[in-house]
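Fold and contact review
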Amino acid sequence: MTMLPIAPCCALLAVAAVIATATSVSAMPPPATLSSLSASSAWDWSRTHTWAEFGSYANLTAEQAEFVATHYDIVGFGGNFGHAHAGEIGQAEAVRQLKSYRNSTKVLLYRNSIVSITGDLAADAIFQAHPEWWLRDQSGKVMYDGTFKYIDWTVPAASNWFVSTAVNAIKNVSNNLADGIWLDGGVGEANLISQLGVERNAAFNAAHRAGCKALTAAVHELGPGKLVLGNGLSLYRYNPGGAVSDLANVDGGCTEHFGAFETLDPATGQFNGTAMEVWLEVIAASAATPGKAVIVKGWPGPVTVPLMPTGPSWRNKTNWTYNERQAAATSALDFTLGAYLLAVAPNVYLSYSWWYRIVDGYVPCPAGSNVCSCPADWYPQLNMATGAPLGPRQHVPGAGSGHVWTRSFEHVTVTIDLAVFGNVTIDWKQSNAPTTA
């Protein structure tokens, strides 16, 4: 997750221990490995390819672990994962647990490349013992994001600490079972000019890019199929070719706020159609980069701040129950899926949840449960075959808000007004059951 306020989203992590998983949801077929997906002919169009990022202070239950391993192509742990179980050791235990159900699922350990959130208590202790590694503003004050200190990448020892402890977590703590690193903040550039000044900000970003590149190279040396995926693809910095340069130092990137937060028009609570179209360009440009993966973080409708213990607000509604979130996630999926289908290409994955805890939509809740946000039947549309696309998305001139697009696949056609939430039609062919939304 990016640097939205962290404390509220973590307040109820303890409830993760009580979630159970419905057993009636069918498992997906095993995913291909990322290394085989650089060519479009290798991509499997029989379902939607999925990604999950979540934290949990408690161990995953057997039911949770089996569901995650069999329904997601890639799993990245959140920065709070496993803290009740010695941090990175807890992540390593979860890696082994997931791999026992399906070894082909890619499982990535967490690191934040901007502030000192590692999910690794031993690495954190080293960082805290070296104040010369802490980034300071122009007045000499230590810079924080919430309670977390910024890392000063211009200090070679700090860069070496970051790379070496991340590699150690894969190689030694997880016994090389983990497939790589989920690198929060690993894509794009930090805008710290007001704190650092122009020259130091530029130096920080140059050192950060070099450090991310060094980490990716070191992870690749651990064996075939190891990778680093970074968070931070941004519509603010997008220009033709911009997404390509953002991905130069990692193996793929995440569009974390696709259809959420700053994508909304604050005056209406509806989507900004132009911003949504820019997101599609970001995804397309990134996916067109050979060998790069793109993670589209989708949300259940127009979510925004303020953040509540159960996740973001939604159309000025803040006092959601979990049952209400389950119903909203079901009804909102077609809009998110429709927008994703406009841009999907080989190596493009969809994540769909309310927030970043295991209870926030990643695994099914038992029918009638009010302790988690996922419907009991998960999301059946994600198991339906789209077939290969018959061409790129097409604009529909003069329709709706002016932001209406359509795209056809072998087994489905989607038409969506990107500026009007809910204005979407997904027409599955007779070989597929209709969607529920």
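Residues numbered from 1 in each chain as written. Predicted model: local features only at pLDDT ≥ 70, side-chain atom pairs only at ≥ 80, totals over all residues. Heavy atoms only, no water.

Things to note about the packing of aromatic side chains
What counts, and what does not: Stacked, edge-to-face and tilted labels apply to pairs of Phe, Tyr and Trp rings (six-membered ring for Trp) whose centres lie within 6.5 Å, assigned for plane angles under 30 degrees, over 60, and everything in between, in that order. Each helix is a run of H or I in the DSSP string that is no shorter than four residues. Each strand is a run of E no shorter than two, and both are numbered from the N terminus. Relative accessibility under 20% of the residue-type maximum defines a buried residue, over 50% an exposed one, and the middle range a partly exposed one, all with a 1.4 Å probe and only protein chains included.
On inspection of all chains with the given rule, the structure shows 26 aromatic pairs. With centroids separated by 6.1 Å and ring planes inclined at 70 degrees, the aromatic side chains of Phe54 and Phe77 adopt a geometry described as edge-to-face. Of this pair, Phe54 sits in strand S1 (residues 51–54) while Phe77 sits in strand S2 (residues 74–77), and the two are 23 residues apart along the sequence. For Phe54, a relative accessible area of 0% corresponds to the buried category. Exposure remark for Phe77: the relative accessible area of 0% places this residue in the buried category. Seen in terms of ring centroids, Phe54 and Tyr362 are 5.7 Å apart; in terms of plane orientation they differ by 50 degrees. Their pairing is tilted. Here the residue Phe54 occupies a position in strand S1, and Tyr362 occupies one in the loop between strand S12 (348–352) and strand S13 (394–395), the gap between them amounting to 308 residues.

Thoughts on the sheet that holds strand S3 (residues 106–112)
Spelled out, the test is: Here the rule is simple: two strands pair whenever DSSP picks up at least two bridges between them. Helix axes are fitted only over the stretch in contact, all axes being lines through C-alpha atoms; the angle between N-to-C directions runs from 0 to 180 degrees. Any two residues whose heavy atoms approach within 4.5 Å at even a single point are treated as in contact.
Spatially, S1-S2-S3-S6-S7-S8-S9-S12 is the arrangement adopted by the eight strands of the open sheet, whose pairing is parallel. Of all strands in the sheet, those with a lone pairing partner are S1 and S12, marking the two edges. On average, each strand axis in the sheet is inclined to that of its neighbour by 25 degrees, with strand direction left out of account. Summarising the sheet, strand S9 (residues 293–298) and S12 pair through five bridges and their orientation is parallel. Bridging across to S12, Ile295 finds its partner in Tyr349. Contacting strand S8 (252–255), S9 and S12, helix H9 (residues 273–287) runs over the sheet at an angle of about 155 degrees to S9.

Remarks on the sheet that holds strand S15 (residues 412–417)
In spatial order, the strands read S13-S14-S15-S16; together these four strands make up an open sheet with antiparallel pairing. Both edges of this open sheet fall to S13 and strand S16 (424–428), since each of them pairs with a single strand only. Note: S13 against strand S14 (residues 404–408), two bridges, orientation antiparallel. Residue His395 lies in a different strand from S14, and its bridge partner there is Trp405. Its contacts with the sheet put helix H10 (residues 322–343) on S14, S15 and S16, and the angle it makes with S15 is roughly 110 degrees.

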